[in-house]
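One-letter residues, chain by chain:
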Amino acid sequence: MIHLIIDGQNVEVPEGTTILEAAKQADIHIPTLCYHEDQNVKAVCRICVVEVEGMKNLTASCSTPVSEGMVVQTASPKVLNARKHLLELIFARHPQNCLVCAKSGKCELQQVAQDLNMHEEIRYDTTLRSQKKDTSSPSIIRDPQKCIVCCRCLETCNEIQAINTLSKENRGFHTLVAPAYGQKLADTCCVNCGQCYQVCPTGAITIHDDTDKVREQKIKGKILAIQVAPSVRINLAEAIGEEPGTVSTGRLVTALKRLGFDWVFDSDFSADLTIIEEGTELLHRIQNGDTLPMFTSCCPAWVKYCETCLPDYTDHLSTAKSPQQMFGPIIKTYFAKKQGIDPADICSMSVMPCTAKKFECQRPEFNSSGYQDVDISITVQELANMIRAGGIDFSKLPETDFDQPFGLGSGAGLIFGATGGVMEAALRTVYAIIMGKEMDDIEYTPVRGFEAIKEAEVDLNGLKVKIAVAHGIKNARRLIDEIRAGEREYHFVEVMACPGGCIGGGGSALRTWNKMEKRKAAVYEEERKLPIRLSHKNPAIDMIYQEFLGEPCGEMSHKLLHTRYFNREDLLK
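Calculation notes
Residues numbered from 1 in each chain as written. Predicted model: local features only at pLDDT ≥ 70, side-chain atom pairs only at ≥ 80, totals over all residues. Heavy atoms only, no water. Helix = DSSP H or I, 4+ residues; strand = E, 2+ residues; numbered from the N terminus. Rg over C-alpha atoms; globule rule 2.2 N^0.38 Å. Buried < 20%, exposed > 50% of the residue type's maximum accessible area, 1.4 Å probe, protein only. Contact = heavy atoms within 4.5 Å. Areas by Shrake-Rupley, 256 points an atom, 1.4 Å probe, with all protein chains shown as cover. Lys, Arg positive; Asp, Glu negative; His and termini not counted. Charge placed at Lys NZ, Arg CZ, Asp CG, Glu CD. Pairing = 2+ DSSP bridges. Axes fitted to C-alpha atoms, helices over the stretch in contact; angles between N-to-C directions. Core = buried A, V, L, I, M, F, W, Y, C linked by side-chain atoms within 4.5 Å.

**Notes on the overall build of the protein**
Right, so step 1: Within the protein one finds 19 helices and 17 strands.
Right, so step 2: Taken over C-alpha atoms, the radius of gyration comes to 25 Å for the protein, in line with the 25 Å a tight globule of 573 residues would show.
Right, so step 3: On the principal axes, the C-alpha backbone points of the protein span a range of 75 × 55 × 50 Å.
Right, so step 4: For the protein, buried positions account for 61% of its 573 residues.
Right, so step 5: In the protein, the proportion of contacts linking residues at least 24 apart, taken out of those at least 6 apart, comes to 73%.
Right, so step 6: Surface accessibility of the protein: about 23,300 Å² in total, with carbon and sulfur atoms responsible for 48%.
Right, so step 7: If you average the places of the 64 positive and of the 75 negative side-chain charges in the protein, the two averages end up 5 Å apart.

**A short note on the sheet that holds strand β4 (residues 59-60)**
Right, so step 1: With mixed pairing, five strands are arranged side by side in an open sheet as β2-β1-β5-β3-β4. Looking at strand neighbours, the two that pair on one side only are β2 (9-13) and β4, the edges of this open sheet.
Right, so step 2: Bridging between strand β3 (residues 49-52) and β4 involves two bridges; their strand directions are antiparallel. Among the inter-strand pairings, V49 is bridged to a residue of β4, identified as A60.
Right, so step 3: The sheet contacts of helix α2 (residues 77-91) involve β3 and β5 (71-73), and relative to β3 the element is tilted by about 155°.

**Looking at the side chain of T379**
Right, so step 1: Assignment of secondary structure puts T379 in strand β14 (residues 376-379).
Right, so step 2: Sequence-distant contacts of T379, defined by excluding residues within four places in its chain, comprise I207, V351, M352, C354, T355, K358 and G507.

**Notes on the sheet that holds strand β16 (residues 463-471)**
Right, so step 1: On the basis of which strands lie adjacent, the open sheet formed by four strands has the order β12-β17-β16-β15 and mixed pairing. Sheet topology places β12 (294-295) and β15 (453-460) at the edges, where each strand pairs with a single neighbour.
Right, so step 2: Inspection of the sheet shows β16 paired to strand β17 (residues 492-496) by five bridges, in the parallel sense. From the neighbouring strand, H471 faces β17, where its bridge partner is M496.
Right, so step 3: Strands β12, β15, β16 and β17 of the sheet are contacted by helix α16 (residues 473-484), whose axis makes an angle of about 140° with β16.

**Topic: the nonpolar core**
Right, so step 1: Ranked by internal contacts, the top residues of the largest apolar core, which has 106 residues, are L236, F261, F295, W302 and I467.
Right, so step 2: Take this core: its biggest share by element is seven residues, from helix α15 (residues 421-435).
Right, so step 3: Here I467 is in contact with M423, L427, Y444, V447, K454, E455, A456, V458, Y490 and F492, once residues within four sequence places are set aside.
Right, so step 4: A320, I341, F406 and L561 belong to the second-largest nonpolar core, a separate cluster that totals 23 residues.

Put into structure tokens, the structure is as follows:
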């Protein structure tokens, strides 16, 4: 243990602890910009400088380890003057349109400026970057003028996800983080996962805001039908300011009703539908000797990565659509007919934790209903903004149930929100179909948790089914490379592009691994409360097959609920 003094307080911390970490343990706040608790230390912004007795120059607290007897001042006049000077230099390269910035109120640069009382004119002329805003992607917006070159997005895209869309160009004053060769984001290998947005401290990377489109549809008199993804109930309250892991199912339905949505459905229903179709497809592949391993196809960022970087593996993807894209045609066919509504009058929407869903719903092949199956997808962050703009006090809302006939989902559908959830849900149903009985313990813990790659083997009436779960594109790529090399062999593999699964999606409440642990716990705690925990036991699923779809993987199901894939490797050239 190391003993030191920080701002007059005696502090004891383990050897190897940085000054910044030691100050946090002593409840002393040191401002940061490039630092992120889940990333490597970069020490490029220098906002976290402190004064250490015996050192001639100020030092970055994020990268300086403590030493025995060290005396530190975190807010001396010398330190505060240095921080203000550094901020002035950043402001000289930064637009001053904070009032209309999408990150206003959540911008870390804005918060540091407020904390340091930066209320005077800066001493330097403002010279902005010449690069303009890139809105080419349906999911992500890049504004290079607001980049402070903290390099958080670089680490996320290149090291954590291993997609390598972004690079650092030029030097000094002209340093820029951007796609190589001046490419637009839509023309790169970007998979729209939005993890860069999750870590960006400013408005340099934001989400395409489609909330005005929602209001336009209401003005046009469209019937608004919206589906709510399983993980939304886990982190919407957090996005509005409540504690991580707060479940708000009934309140979010009430909020959507007050915002003018006519029908509010539970995507747990279509998650159950996905399990029936995907599970049946897996059994057919195993029995008929078709392409194995079969990979899940629920995650549009993973699907786009596969099409772009692993096009020879698209035959391994399940042809089952994602829950979002299964729900879309069901609403504009089966539901519209039951309600006597012209499908042309329906605006089918979704609220998702995922920025890639915006890309997915615009894919031209997703029109099996005769219309665009899902018209608009908004994120948790966008819904939180709509609730604020609507003057709704979310904390005081009463509980409201989802609308029928698609308001009933199982626990298997709910756990889709966490990595391993799709696999566990599928195993529950596939086991029951083959064995003719339920699993002794339906909580299949070997596929749970945040381990990078999880493996298991299930005995299905003598057939040893080998399964794997990977979350994060980098981990998925490593798994596939090992499969190619013959080092691993599986029947079924689940992949989620975002670390932790959908509860850590690009459009969810800003995440850290500490918050993710609470969200994960909330998923499984909430699932245990549900009266139905198996997809094939959901009576709403039985009803739609009996009344409309026929049999799983049958003619109607293939028309509405299955898809095809494309080779996108030209994006890499």
